[in-house]
Structures are given as structure tokens and as C-alpha cells.
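# A closer look at the structure
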Amino acid sequence: MSDPIIRMQGVNKWYGKFHVLQDIDLEVARGERIVICGPSGSGKSTLIRCLNRLEEIQQGRIVIDGTELDGDLRHVEQVRRDVGMVFQHFNLFPHLTVLENLTLGPIWVLHRPKAEAEAVARRYLERVRISEQADKYPGQLSGGQQQRVAIARALCMAPKIMLFDEPTSALDPEMVKEVLDVMVELAGEEGMTMLSVTHEMGFARRVADRVIFMDGGRIVEQNTPDAFFDNPQHERTKLFLSQILH
Ligand SMILES: Nc1ncnc2c1ncn2[C@@H]1O[C@H](COP(=O)(O)OP(=O)(O)OP(=O)(O)O)[C@@H](O)[C@H]1O
């Protein structure tokens, strides 16, 4: 692949003695949309958390848009700006309003003037269809609304890459669709690189360029959604799919 935006080479990570990521080689093209799936504990969250250095690796290399994720703090800061993340449990600041949650990073990290940060934040709130909630606190919103705020907050930092770590798995079923709809729209945007850990296989079929299946800390299989779902190659993939697709 020429000029990948993400390059992981020979990545290994341990939690104590537990070998959580094993010999991960992964390249992601600019604008590519990837869905990562696999059994619980297979290392999916750990893999994407390594991409913005929320987790340290012990072996291998990670390069994000030309910046090596080594021990240099400036590189970590650069990569954190380039990579937006949406978590399972929203991680909004409860004592700040929705608007303040969105403007915090642009004002304090990107040094944008307050008025400009607010204008950008309101645009994104409109895009995730939640502009009327700007002055509320996260605790006053539904889970689906909070997750859409979290997505808008990540987008306000103008990231080159968006990571989603099981963004719908903490939501009541009726709220899953409203978050997936926003993600589908985002995936349709030119140039947005997106890695999503999710078990929403309908979403994977609809938007993914590539589905990656992890098991036991390894990438076991990867393919286009049609090939992956209709013709899985590995026994472990087949077993996983038989368990989650009814
Ligand atoms: N900070 C940690 N310290 C020790 N072990 C950890 C830590 N974080 C995760 N693990 C373990 O590493 C393994 C992989 O975790 P990870 O969250 O990456 O898996 P996952 O595939 O995302 O699973 P799930 O779908 O359940 O979220 C699990 O067995 C987990 O218990």
C-alpha cells in the first residue's frame, strides 16, 4: 500500500504475562473504513487504543500519518490531535455543558478563539442532530444523545482518523440506530479514515471497505465485507460468525 495513514509493524503488547497483541501488521489507507470484530478479550480495544497511545506497546512500530509513535511526547501530542476517539461510555465531562464539552479541546489544545470554537461546535451539533441540547449537561441527555455529543466533540478537533470503540454497546436498543446513522453519514464523507470496533455487522456490511477479525491477540482474517461474511476462511471466523449472526 502506498502512503498508508496508519502503519503498524510487528506490534506486540503484554499486560503482565498476558500477550494481548501478537505480531500485528496492519496498514490502513487514507479514507479507508475498517471494522474490527472478534470475541470478547481478543484485543480489539487494545489495538485501537495503541493508535493514539492510550496504551503503550512493548515491541514493534506504529506510524500515524508519518509521525512515529515513539517515546517523544511531541509525537504523542501530534497523534492525539490527528486521531479522534469515541468510547463505549461516552467519557463526556459531566460538569460541563454540551457546548463546553465540544469547545474545551479546540480552545485549550488547538488555541482557537472561543467564538470560533463555539461556531464550529454548533455546526457539528447540528450535523449530529442535537443542536437544541447545546446548553444542557450530559446527565440530562439520553445515552444515544450523549454518544452523538461524543462524536461531535471528536470531530471538533478536525481529526484525520476516527476510532470508535464499541460506540453502541452501552446503549439501549432503540438508541443504537441514531448513533449508527451518524456513523454511516461520517463514513460516507470523503477522506475520513475510520476504524470501528463493533459487533454491528449490518453497519460493517454497509460501510466497511475491510473487515478485520481478531482472535487471541492476532489478526486472523481480513477481507471485504461481502467476502468476509459470505465466505469466511478460518474455522474461528466461521464459529464467531455463527454465534453472532442468527
Ligand atoms: N489494563 C489491563 N490490564 C490487564 N489486562 C487487561 C487490561 N486491559 C485489557 N486487559 C485484558 O486484555 C484482553 C484484551 O482486552 P481488550 O479490551 O483489548 O479486548 P476486546 O477484544 O476489546 O474485548 P471486548 O470485546 O470484551 O471489549 C482481555 O482479556 C482483558 O481482560
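Bear in mind the structure is a predicted one, so any value in this text is a computation, not a measurement.

### Looking at the site of the ligand
Within the structure, the ligand sits among Y15, F18, V20, P39, S40, G41, S42, G43, K44, S45, T46 and E166. The fraction of the free accessible surface of the ligand (630 Å²) that becomes covered by protein chains is 58%. Looking at the shell around the ligand, the elements that each hand over two or more residues are β2 (18-28) and α1 (44-50). Broken down by element, the residue count for the shell around the ligand peaks at 3 residues, all from α1. For the shell around the ligand, the per-class residue count stands at 4 nonpolar, 6 polar and 2 charged.

### Details of the pairing of strand β4 (residues 59-64)
Examined bridge by bridge, strand β1 (residues 6-15) and β4 share 5 bridges and lie antiparallel to one another. Bridged to I6 within β4 is I64. Across 2 bridges, β4 lies against strand β5 (residues 67-68) in antiparallel orientation. When the bridges of β5 are listed, I64 appears paired with T67. Between β4 and β5, which pair antiparallel in sequence order, lie 2 residues; one of them, D65, sits at a positive phi of approximately 45 degrees.

### Observations regarding the pattern of salt bridges
Across all of its chains, the model carries 23 salt bridges by this definition. A salt bridge links D3 to R30; the nearest nitrogen and oxygen atoms lie 3.2 Å apart. You can see D3 sitting in the segment before β1 and its partner R30 sitting in the loop between β2 and β3 (33-37), a full 27 residues away along the chain. Assessed through its relative accessible area of 52%, D3 is described here as exposed. On the accessibility criterion, R30 (43% relative accessible area) is partly exposed. Across the pair R210 and E32 runs a salt bridge whose closest N-O atoms are separated by 2.9 Å. Of this pair, R210 sits in strand β9 (residues 210-215) while E32 sits in the loop between β2 and β3, and the two are 178 residues apart along the sequence. In this pair, the class of R210 matches that of E32, namely buried.

Basis of the calculations
Residues numbered from 1 in each chain as written. Predicted model: local features only at pLDDT ≥ 70, side-chain atom pairs only at ≥ 80, totals over all residues. Heavy atoms only, no water. Near = heavy atom within 4 Å. Areas by Shrake-Rupley, 256 points an atom, 1.4 Å probe, with all protein chains shown as cover. Helix = DSSP H or I, 4+ residues; strand = E, 2+ residues; numbered from the N terminus. Nonpolar A, V, L, I, M, F, W, Y, C, P; charged D, E, K, R; others polar. Pairing = 2+ DSSP bridges. Salt bridge = Lys/Arg side-chain N within 4 Å of Asp/Glu carboxyl O. Buried < 20%, exposed > 50% of the residue type's maximum accessible area, 1.4 Å probe, protein only.

Function-wise, these values are silent; they only describe arrangement.
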